Amino acid sequence: MSRLLLRATGVAIVVAGLTLGAQAQTAPPPGRLLASNCFQCHGTNGKGPGFDTLAGKSSSEIYKELKEFQSGKEGNGIMAKHAMGFTDAQMLSISSWLSTQR
Ligand code: HEC
């Protein structure tokens, strides 16, 4: 009986610890995590070095370009394939975050 109680207390402590740990981390701003998919080729935060620099572009410009890549109108290259992996909402979120980078 007391053994069971001890085990339950242990589990409660672990759960409490995990909850505290999760709260201690500050969540990244919306779009930042998804945009990190772009950093390998466009530089950290889209600021280069790499292929075309994304920082400094407006949100609507980036979104429009992503939609063109996704539609296949901009060829069949790496960006087209990449854009196909995202939903509209995700692309809006990525574009909006990237537009905050100057
Ligand atoms: C594997 C490498 C790679 C990754 C990852 C990548 N890109 Fe690209 N991106 C490219 C290349 C290469 C080009 C140039 C392609 C072309 O002009 O056809 C490009 C071009 C672009 C352009 C057009 C820029 C311009 O000035 O015309 C935009 C916008 C863009 N990428 C956004 C993104 C976003 C947003 C992500 C993340 C969701 C991303 N890319 C991820 C390689 C990559």
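Heads up: these notes are all about the structure in this document. Everything numeric here is computed off the predicted structure, so don't read it as measured data. Sequence positions are assigned chain by chain, starting from 1 and proceeding in written order. Given that this is a predicted model, residues contribute local features only at a pLDDT of at least 70 and side-chain atom pairs are listed and counted only at 80 or more, while totals for whole chains, interfaces and linings are drawn from all residues. To obtain the side-chain values, all non-hydrogen atoms of the structure were included, while hydrogens and water were left out.

**Some details on the pattern of salt bridges**
Definition in use: Whenever a carboxyl oxygen of Asp or Glu lies within 4 Å of a side-chain nitrogen of Lys or Arg, that contact is scored as a salt bridge. Between buried and exposed lies partly exposed: a residue is buried under 20% and exposed over 50% of the maximum accessible area for its type, with that area taken using a 1.4 Å probe on protein chains only. Where helices and strands are cited, they refer to DSSP runs of H or I of at least four residues and of E of at least two residues respectively, numbered from the N terminus.
Applying the stated criterion across every chain yields a total of four salt bridges. With a shortest N-O distance of 3.5 Å, Lys57 and Glu65 are connected by a salt bridge. A residue is classified by how much of its surface remains accessible, and Lys57, at 17% relative accessible area, is buried. Close ionic contact of Asp88 with Lys67 constitutes a salt bridge, the shortest N to O distance being 2.7 Å. In this pair, Asp88 sits in helix α6 (residues 88-98) while Lys67 sits in helix α4 (residues 59-71), placing the two residues 21 residues apart along the sequence. Judged by relative accessible area, Lys67 falls into the partly exposed class, the value being 30%. Beyond isolated ion pairs, a larger network of salt bridges with shared partners links Lys57, Glu61 and Glu65.

**Here we look at the coordination of the iron atom of the ligand**
Note the cut-off: With water excluded from the atoms, a metal site may look incomplete; its donors are any N, O or S atoms within 2.8 Å, or within 3.2 Å for Na, K and Ca. When four donors show all angles between 85 and 135 degrees the site is tetrahedral, when four or six donors have opposite pairs over 155 degrees and all other angles between 65 and 115 it is square planar or octahedral respectively, and in every other case it is irregular.
Each protein donor to the iron atom of the ligand is listed here as His42 (NE2) and Met79 (SD); together their distances run 2.0 to 2.1 Å. Here the iron atom of the ligand is ringed by six donor atoms whose angles at the metal span 80 to 179°, and the overall shape comes out octahedral. You can see His42 sitting in helix α3 (residues 39-42) and its partner Met79 sitting in helix α5 (residues 78-83), a full 37 residues away along the chain.

**Section: the layout of surface pockets**
Where we set the bar: With a 1 Å grid spanning the protein atoms alone, the term cavity applies to any set of points in which a 1.4 Å probe fits but cannot get out, the term pocket to an open set with protein on both sides within 12 Å along at least five of seven lines, and the term lining residue to any residue with an atom within 4 Å of a point. Grid points are joined across faces, edges and corners, and a volume is the space filled by probe spheres set on the points. Throughout, the ten residues Ala, Val, Leu, Ile, Met, Phe, Trp, Tyr, Cys and Pro are labelled nonpolar, Asp, Glu, Lys and Arg are labelled charged, and all others, Gly among them, are labelled polar.
Of the volumes computed, that of the largest pocket is approximately 450 Å³. What lines the largest pocket is a set of 20 residues, and nearest its centre among them are His42, Leu54, Leu66, Phe69 and Met79. At the level of elements, α3, α4, α5 and α6 are the ones that each hand at least two residues to the lining of the largest pocket. Counting residues per element, the lining of the largest pocket draws most heavily on α4, at five residues. Grouping the constituent residues of the lining of the largest pocket by class yields 12 nonpolar, three polar and five charged.

Read these as geometric descriptors, not functional statements.
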